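# Report on the structure
Here is how the chains run, residue by residue.
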Amino acid sequence: MFSVYENPEYRRSRTAYRWYCMLEYFINLLVTDIYLFKLLSYTGLSDSTIGLIGSVSTIAAFFQLNSIWLIRKIKNVKKWVVGLCLSGQLVLILLYFLPFLPVGLTVKTVIAFGGIALSYFFSGSISSILYQWANSYVDPHGRAIYSAEKEMLSLFGGMIFTFLLGIVMDRFELAGNLPGSFILTIILGLLIATTGLVCLLCIDGNWKPPAAAAISTGRSASLRELFLNKGFLHMIALHILWTCAQSFTIGFLGSYKGKELMYSVGAVQIMNILGNAVRFVLSRPMGRFADRTSFAKCIEIALYIAIIAFLSAMFATPSTRWLIAVFTVLFAACQAGTGQNFFNILYDYVPQEYFVQASAIRNCIGGMFGFLASLSGSWILGYVQGQNNTLFGMTIYGQQVLAAFSLLLTLLALAYIRIILRKPTPVGNSQEVAQP
C-alpha cells in the first residue's frame, strides 16, 4: 500500500533535514567543551566564568517561548526558520573574532555572554517550529528510528570533524599561533553555515501549523489547556531534573580537562570520538527499543548509564584522569537514549496541535532551572578553587563536587520515571499522522 511518506518531496525533506542537523551540530561543537575553553582562556577569562558561559545554552529555552507567538503569526514558516537559524549560527562563528577585538576583558566577557545568548535567542525562537515542520515528513510509526538515524549521521560526521579540527588546533598551538586556528575556524564555520542553508532550502515549504484551538483562540487558551494536562506537568518535572543534572557539571568540564587533567585538544577529541562512536552504535537499537516499548522506558535505561558516568566524573583527579574518558564515553552512550527521546516523549502526552507550545514552555521552565544550576555550579567551583581545591581537609576539585550534585539529580530523575511514569497514560497523538 502506497504511503504519502514515500512521495519524493517527503523523502527529499527527510534527507535534507538529516544533513542540516549534522551541519548545525558542527557549528554547536565550536562553542562547547575544549574549543570554548581554548577560545575564552586565550581571551583571558577565568575557569568559573568560562563554565558559566558554557552553560548559557540552558537559557535558550527561555527564547523558545517566542515560538508560541511566532506559530500564530508567521505565514511563511520556511522563511522564518531559514533566517533565524542562519543568524544564530553566524553569531556563534563570529565569536572567534573575540581575541582580536581591541577592548578590555570586561567588555570581552560581556560580548561572550551576549553573543552566545543572542545566538540562542535566534535558534531558540524557532527550534520547536523547525522540529515539528521537518518531522511532519516523517512517518509517525517510525519517529524514533528516524531520529536515531539522523543522530547517527551527525555523530559520524562529528567524529571526523572534531578529530581533524583537534589536530589542526593542536598544531597551531604547538607552533605558538593559536590565533591562527581561530581564523581558520571562522572560515570553516562560514562554509558549514552556507551548506546548512542549502539543506534548509531543500525541505518542502508547503507545511502549515496544525489548526487548533491553541492557535486560533490565543495564547491564554493554549496555556490553560496545557497546564490542566497532568502528563505535561510530569514532562516539566522530569525535564527540570535532567536539565539541572547536566547543567551542574557539563559546562565546567572543558577547563577541567584542559587545565587540572592536562589533556590536549587532540586527546579530548579522541575521547569525544570514542564516546560518539558508542553513541552511534547504540542510537538505532535505542530507537527501535523506544518505538517498540515507550520513550519513557528508553530514557530510564539511559539514566542508569548516566549514573555510572557521573560516578566516574566524581573520582576523576590528576592521578586518575583516565576516569574522565570513562565519563565522556558513558555520558555519550546515555545521550543515545535521552537526546531525541526527550523531544519525542511529548508526542505521547500532548496533542499534536499543542506540540510547539508544550515544547517551548517545558524547555523554558527546564532552562530556567538549568541556568540557576549553572550559576550555583559556578559559585561552588569558584569557592572550592578559592580554598586551593581543599574541602574538609581533603584535596577535592570543584568539578568533583559538581559531579556529585549531578549524580544526585540523576537519581531523582530515575526515581521519578520509575514511580510516576512507570505506567504512563498517554494523552497525546504519538501515532497521529501529520499532514503537511
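Residues numbered from 1 in each chain as written. Predicted model: local features only at pLDDT ≥ 70, side-chain atom pairs only at ≥ 80, totals over all residues. Heavy atoms only, no water.

### Describing the overall build of the protein
From N to C terminus, the protein includes 20 helices and two strands. Relative to a compact globule of 436 residues, whose C-alpha radius of gyration would be 22 Å, the protein shows 21 Å and is just as compact. Based on the C-alpha atoms only, the size of the protein along its principal axes is roughly 60 × 45 × 40 Å. For the protein, contacts bridging at least 24 residues in sequence account for 86% of all contacts bridging at least 6. One finds the centroid of the 30 positive side-chain charges in the protein at a distance of 3 Å from the centroid of its 18 negative side-chain charges. (Helix = DSSP H or I, 4+ residues; strand = E, 2+ residues; numbered from the N terminus. Rg over C-alpha atoms; globule rule 2.2 N^0.38 Å. Contact = heavy atoms within 4.5 Å. Lys, Arg positive; Asp, Glu negative; His and termini not counted. Charge placed at Lys NZ, Arg CZ, Asp CG, Glu CD.)

### Digging into helix H7 (residues 105-135)
Between its terminal C-alpha atoms H7 stretches 43 Å, which fits the 45 Å expected from 31 residues at 1.5 Å a residue. Ser127 marks the point of greatest bend in H7, at about 45°. (Expected span 1.5 Å × (residues − 1). Bend = angle between axes of the 7 residues up to and from the residue.)

### Overview of the side chain of Ser136
Its place among the elements puts Ser136 in the loop between H7 and helix H8 (143-174). At 2.5 Å, the side chain of Ser136 and the backbone oxygen of Trp133 are in polar contact. (Polar contact = N/O pair within 3.5 Å; in protein donor to acceptor, adjacent residues only side chain to side chain.)

### Quick notes on empty space enclosed by the protein
Using the criterion set out here, one finds three cavities of 30 Å³ or more in the structure. Every residue lining the second largest cavity is listed: Ala144, Ser147, Ala148, Glu151, Ser283, Met286, Gly287, Ala336, Gln340 and Asn341. Ranked by residue count, the leading element in the lining of the second largest cavity is H8, at four residues. Tallied by class, residues from the lining of the second largest cavity come to four nonpolar, five polar and one charged. (1 Å grid on protein atoms, 1.4 Å probe; cavity = no way out; pocket = protein on both sides within 12 Å on 5 of 7 lines; lining within 4 Å. Points joined across faces, edges and corners; volume = space filled by probe spheres on them. Nonpolar A, V, L, I, M, F, W, Y, C, P; charged D, E, K, R; others polar.)

### Considering the pattern of salt bridges
For the structure shown, the criterion picks out six salt bridges. One salt bridge in this structure joins Lys38 and Glu173, with 3.0 Å as the shortest N-O distance. On the criterion of sequence distance, the pair formed by Lys38 in helix H2 (residues 33-43) and Glu173 in helix H8 is long-range, its members being 135 residues apart. Under the relative-accessibility criterion, Lys38 is labelled buried at 11%. For the salt bridge of Arg418 with Glu300, the shortest nitrogen-to-oxygen distance reads 2.9 Å. With a gap of 118 residues between them, Arg418 in helix H20 (residues 398-420) and Glu300 in helix H15 (residues 295-314) connect regions that are remote in the sequence. For Arg418, a relative accessible area of 39% translates into the label partly exposed. Here the residues in one salt-bridge network are Arg18, Glu149 and Arg284, joined through shared partners. (Salt bridge = Lys/Arg side-chain N within 4 Å of Asp/Glu carboxyl O. Buried < 20%, exposed > 50% of the residue type's maximum accessible area, 1.4 Å probe, protein only.)

### Brief notes about a nonpolar patch on the surface
A cluster of nonpolar residues, Leu94, Phe97, Phe100, Leu101, Val103, Val107, Ile111, Ile183, Ile187 and Leu191, forms a patch on the protein surface that exposes about 800 Å² of accessible area. The leading source of residues in the nonpolar patch is helix H9 (residues 178-201), at three residues. Within the fold, Ile183 resides in helix H9. (Patch = residues over 30% accessible without salt bridge, like charges linked within 9 Å, V, L, I, M, F, W, Y side chains within 5 Å. Areas by Shrake-Rupley, 256 points an atom, 1.4 Å probe, with all protein chains shown as cover.)

### Let's talk about the confidence of the model for the protein
Taken as a whole, the protein shows an average pLDDT of 83; of its residues, 91% reach a score of 70 or greater. Between residues 429-436, whose pLDDT stays under 50, and residues either more than four places distant or in other chains, the model counts 27 contacts. (pLDDT = per-residue confidence, 0-100.)

### Looking at the packing of aromatic side chains
The tally for this structure, following the rule as stated, stands at 14 aromatic pairs. With centroids separated by 5.8 Å and ring planes inclined at 75°, the aromatic side chains of Tyr42 and Phe182 adopt a geometry described as edge-to-face. Here Tyr42, found in helix H2, pairs with Phe182, found in helix H9; they are 140 residues apart in sequence, far enough to count as distant. Owing to a relative accessible area of 43%, Tyr42 belongs among the partly exposed residues under this scheme. (Phe/Tyr/Trp six-rings, centres within 6.5 Å; stacked < 30°, edge-to-face > 60°.)

### Details of unusual backbone geometry
At Met262, a residue that is not glycine, the phi angle is positive and equals roughly 55°. By the element assignment, Met262 lies in the loop between helix H13 (253-258) and helix H14 (265-292). Judged by relative accessible area, Met262 falls into the exposed class, the value being 62%.

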